[in-house]
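Each chain, letter by letter, is given below.
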Amino acid sequence: VRLQKEWPDEKYGFTHASEACAFARERVASAASKGQFPEVLVVRRVHEEGLIRAWNRQHPEAAVLPTDRIYRINDAVSVEDMQKELTTRAVDIHIARYPEHFQIRVSMGSSVGLEGLGLQLRPSRRAAAAASAQQQHQAKPAGLGATSAMALTVASAATATSTKTVR
């Protein structure tokens, strides 16, 4: 996405946040302490007025949307440097869009293991609640009421992404 301001007060017209802060807060605090977090800006909102809205009207097939990740602006790739670039009159924004849904197949015989991939396997909330309710209504020996339904929690920056650069 290439944008050029015609006058200094013109706005790009979107709100963003650093994914590094959200990643550290919400996903894996230990990864943030090691500096292992995504250096991207997340588009939070596209305003009704501004250059991004105009871009979206002219390029609906490549519209910038909330949750898009900005991984480079001009030559800047760090969050701090990308934010500085947004104060300039011209920007070349590179965006990655994560798929809403994706499937992953994990082989339990892998030598890497789930932890090596940054993944955790835990009972899903729904399955755990159902198993708990079932245990309350049936007298079973300890351990027999456990659920086999599991949820996969991605705790890594290495999630599947689809990347699209539009110029």
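Numbers given to residues run from 1 along each chain, matching the order in which its sequence is written. The predicted origin of the model limits local features to residues at a pLDDT of at least 70 and limits the giving and counting of side-chain atom pairs to 80 or more, whereas totals for whole chains, interfaces and linings rest on all residues. Side-chain descriptors were evaluated using all non-hydrogen atoms of the structure, hydrogens and water having been removed beforehand.

Caption draft 1: Broad picture of helix H3 (residues 51–58). Residue burial is assigned from relative accessible area. The probe radius is 1.4 Å, only protein chains are included, and a residue is buried under 20% of its type maximum, exposed over 50%, and partly exposed in between. Numbered from the N terminus, helices here are DSSP runs of H or I no shorter than four residues, and strands are runs of E no shorter than two. Every buried residue of H3 is listed here: Leu51, Ile52, Trp55 and Asn56. All buried residues of H3 lie within an arc of 140 degrees about the axis, which places them on one face of the element. Looking at H3, the residues exposed on the side facing more than 90 degrees away from the buried face are Arg57 and Gln58. Its buried side turned inward, H3 meets strand S1 (2–4), strand S2 (14–18), strand S3 (41–46) and strand S5 (90–97). Directions from the helix axis toward the C-beta atoms define the arc. Should any heavy atoms of two residues lie within 4.5 Å, those residues are counted as being in contact.

Caption draft 2: View of the packing of aromatic side chains. Centres within 6.5 Å make a pair out of two Phe, Tyr or Trp rings, where for Trp the six-membered ring is used; the pair is then stacked when the planes are under 30 degrees apart, edge-to-face when over 60, and tilted otherwise. Counted under the stated rule, the structure contains zero aromatic pairs. It is Arg69 that lies over the ring of Tyr98; its NZ or CZ is 4.4 Å from the centre. For a lysine, the NZ atom is tested; for an arginine, the CZ atom; a charge sits over a ring if that atom is within 6 Å of the ring centre and within 35 degrees of the ring normal.

Caption draft 3: Region of the structure containing the side chain of Asp68. Checked against the element boundaries, Asp68 lands in the loop between H3 and strand S4 (69–73). The contact partners of Asp68, leaving out residues within four places of it in the chain, are Leu41, Val42, Val43, Ala63, Ile95, Ala96 and Arg97.

Caption draft 4: Expanded view of the environment of His16. Tracing the backbone through its elements, the reader meets His16 in strand S2. For His16, a relative accessible area of 27% puts it in the partly exposed group. Residues His16 and Arg69, 53 residues apart in the sequence, show an inter-C-alpha distance of 9.3 Å. The contact partners of His16, leaving out residues within four places of it in the chain, are Leu41, Val42, Arg44, Gln83 and Leu86.

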